Amino acid sequence: AGEGSGPMPGDGAGPPAAERVLFPPTFSVSEIKNKQRRHFMFLRWKQQQRKEKLALKKKRRKEREALGDKAPPKAVPKTIENQRVYDETTVDPNDEEVAFDEATDEFAPYFNRQTVPKILITTSDRPRGRTVRFCEQLATVIPNSHVFYRRGLALKRIIPQCIARDFTDLIVINEDRKIPNGLVLSHLPDGPTAHFRMSSVRLRKEIKRKFLEPTEHVPEVILNNFTTRLGHSIGRMFAALFPHDPQFIGRQVATFHNQRDYIFFRFHRYIFKSEKKVGIQELGPRFTLKLRSLQKGTFDSKFGEYEWIHKRREMDTSRRKFHL
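Calculation notes
- Residues numbered from 1 in each chain as written.
- Predicted model: local features only at pLDDT ≥ 70, side-chain atom pairs only at ≥ 80, totals over all residues.
- Heavy atoms only, no water.
- Helix = DSSP H or I, 4+ residues; strand = E, 2+ residues; numbered from the N terminus.
- Contact = heavy atoms within 4.5 Å.
- Phe/Tyr/Trp six-rings, centres within 6.5 Å; stacked < 30°, edge-to-face > 60°.
- Buried < 20%, exposed > 50% of the residue type's maximum accessible area, 1.4 Å probe, protein only.
- Lys NZ or Arg CZ within 6 Å of the ring centre and 35° of its normal.
- Patch = residues over 30% accessible without salt bridge, like charges linked within 9 Å, V, L, I, M, F, W, Y side chains within 5 Å.
- Areas by Shrake-Rupley, 256 points an atom, 1.4 Å probe, with all protein chains shown as cover.
- Salt bridge = Lys/Arg side-chain N within 4 Å of Asp/Glu carboxyl O.
- Lys, Arg positive; Asp, Glu negative; His and termini not counted.
- Charge placed at Lys NZ, Arg CZ, Asp CG, Glu CD.
- Expected span 1.5 Å × (residues − 1).
- Polar contact = N/O pair within 3.5 Å; in protein donor to acceptor, adjacent residues only side chain to side chain.
- Core = buried A, V, L, I, M, F, W, Y, C linked by side-chain atoms within 4.5 Å.
- Domains from an automatic or database assignment.
- Axes fitted to C-alpha atoms, helices over the stretch in contact; angles between N-to-C directions.
- Parallel < 35°, antiparallel > 145°, perpendicular 65-115°, else oblique.
- Left-handed = near helix turned anticlockwise from the far one by under 90°.
- Nonpolar A, V, L, I, M, F, W, Y, C, P; charged D, E, K, R; others polar.
- Pairing = 2+ DSSP bridges.

Caption draft 1: Broad picture of unusual backbone geometry. Leu188 connects to Pro189 through a cis peptide bond whose omega is 5 degrees. Within the secondary structure, Pro189 sits in the loop between strand E4 (179-187) and strand E5 (193-202). Despite not being glycine, Arg113 shows a phi value in the positive range, around 60 degrees. In this structure, Arg113 sits in the loop between helix H4 (108-111) and strand E1 (119-123). One non-glycine residue, Asn225, lies in the positive phi region at around 65 degrees. Residue placement: Asn225 occurs in the loop between strand E6 (220-224) and helix H7 (229-239).

As structure tokens, this is what we get:
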């Protein structure tokens, strides 16, 4: 063989030749007409890819062990997150303008401990069983929240009644085909109002767990990766749903984790296994949110003024550009 013939079988550079010839470089699963055969060959191809990746990983680990202290630093893998396109609205914690906006926005009374959150959770008109159970479980997560099942009552009539009864926020859970698919969060009395698309809803009975129900202790709130001005506003809306002073004795945590503009909600309890080891138990429910719009003032579908609207064709031109 010449110099460009590549490694020989059995020299540790890859899988044996008998396995490599099964799928030549020009192999394409889509060319197989039979559906079952195409699926079978795709699974075999994926299995071969995993074997080659594992063999390469073992080879690199052995090389690093042989070099010891002289081994080069590990390469940082490229991900969509660390290759994110820079956003000009990214919040600087030391920015005086941001500090002034926080001191004067609609959520300032909450962060100054002048108001205590009081939440009304309602549904779309005539909700089905799954949506009802989800609202009931959400009410056990958010302290001082009350569930109201409306039947034909318009939101424009509900909002004045909420304000008169000193509610600070209104949460509306919408559904489609008996499945919760949307969430509207309106801060009272002057807004703003955020519209979210909801997906991946899991109730407590659908989560593998073997422990007691959540307690009535006020949970801690963790907000991750809300870095832009828009994300900062959304994070403050979520924070304003929970009392400002958590009860750490309850060991309960509500997490809003933003990743690629998808907001993942999880509700956990800390378990101290020893002085050094800590575990977590998921209490549920869990769901995922995607921001669709942010509206000034309270809910107004016809004449509302929008601060931000998600326009897929204009905004989603790059997979590495995020808005929150």
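Caption draft 2: Examining the environment of Thr227 more closely. In this structure, Thr227 sits in the loop between E6 and H7. Along the backbone, Thr227 and His323 are 96 residues apart, and their C-alpha atoms lie at a distance of 8.9 Å. Aside from chain neighbours lying at most four places away, what touches Thr227 is Arg84, Thr89, Thr90, Val91 and Leu324.

Caption draft 3: Structural view of the packing of aromatic side chains. One pass over the structure, following the stated rule, counts nine aromatic pairs. Here the aromatic rings of Phe226 and Phe238 are separated by 6.4 Å at their centres, their planes lie at 65 degrees, and the arrangement is edge-to-face. One end of the pair, Phe226, is in the loop between E6 and H7; the other, Phe238, is in helix H7, and 12 residues separate them in sequence. The same class applies to Phe226 and to Phe238, which are both buried. With 5.0 Å between their ring centres and 50 degrees between their planes, Phe256 and Phe265 make a pair best called tilted. Accessibility assignment for this pair places Phe256 and Phe265 in one class, buried. The rings of Phe134, Phe196, Phe226, Phe238, Phe242, Phe256, Phe265 and Phe287 are connected pair by pair, giving a single aromatic cluster. A cation over a ring is seen here: Lys118 above Phe167, with NZ or CZ 4.6 Å from the ring centre. A cation over an aromatic ring shows up here: Lys290 above the ring of Tyr262, its NZ or CZ 4.4 Å from the ring centre.

Caption draft 4: Representation of a positive patch on the surface. Among the surface-exposed residues, Lys46, Arg50, Lys53, Lys57, Lys58, Arg61, Lys62, Arg64 and Lys74 lie close enough to one another that they form a single positively charged patch. By relative accessible area, which is 52% here, Arg50 ends up exposed.

Caption draft 5: Here's a closer look at helix H2 (residues 35-67). In this model, H2 (33 residues) spans 48 Å end to end at C-alpha, consistent with the 48 Å of a helix rising 1.5 Å per residue. If you check the start of H2, you find a side-chain oxygen 3.1 Å away from the backbone N of Gln36, and it comes from Asn34. Two residues or fewer after H2 comes Gly68, characterised by a positive phi angle close to 65 degrees.

Caption draft 6: Representation of the nonpolar core. Judged by nonpolar contacts, the single largest core of 40 residues is most densely connected at Ile171, Phe196, Ile234, Phe238 and Ile263. With five residues, helix H5 (residues 129-141) is the largest single contributor of residues to this core. Among residues more than four places away in sequence, those in contact with Ile263 are Phe196, Phe226, Ile234, Phe238, Phe256, His257, Asn258, Phe287, Thr288, Leu289 and Leu324. In this structure, Leu153, Phe167, Leu170 and Leu188 belong to the second largest nonpolar core, which totals 11 residues.

Caption draft 7: Geometry of the pattern of salt bridges. Summed over the entire model, instances satisfying the criterion amount to eight salt bridges. A salt bridge links Glu213 to Arg204, with the shortest nitrogen-to-oxygen separation between them at 4.0 Å. One salt bridge connects Lys296 with Glu305, and the closest N-O pair in it is separated by 3.5 Å. Exposure remark for Lys296: the relative accessible area of 41% places this residue in the partly exposed category.

Caption draft 8: Main features of the domain arrangement of the protein chain. The domain architecture assigned to the protein chain consists of domain 1 (29-68) and domain 2 (89-316). A C-alpha centroid distance of 42 Å is found between domain 1 and domain 2.

Caption draft 9: A look at the packing of helix H3 (residues 96-104) against H7. For the pair H3 and H7, interaxial distance at closest approach is 13 Å and the crossing angle is 30 degrees. One way to sum up the angle between H3 and H7 is to call them roughly parallel. Crossing of H3 against H7: the hand is right-handed. Contacts from Glu97, Val98, Asp101 and Glu102 in H3 reach Arg229, His232 and Arg236 in H7. Here the residues of the contact of H3 with H7 are counted per class, giving one nonpolar, one polar and five charged.

Caption draft 10: Quick look at the pairing of strand E7 (residues 252-259). Counting buried positions along E7 gives six out of eight residues, so the element sits mostly inside the fold. Of the strand pairs in this sheet, E6 and E7 are connected by five bridges, and their pairing is parallel. By the bridge assignment for E7, Val221 is matched with Ala254. Pairing analysis gives eight bridges linking E7 to strand E8 (residues 262-272), with the strands arranged antiparallel. In the sheet register, Phe256 faces E8, and the bridge partner there is Phe265. With antiparallel pairing between neighbouring strands as the criterion, E7 and E8 make up a hairpin whose turn holds two residues, including Arg260 at a positive phi of roughly 55 degrees.

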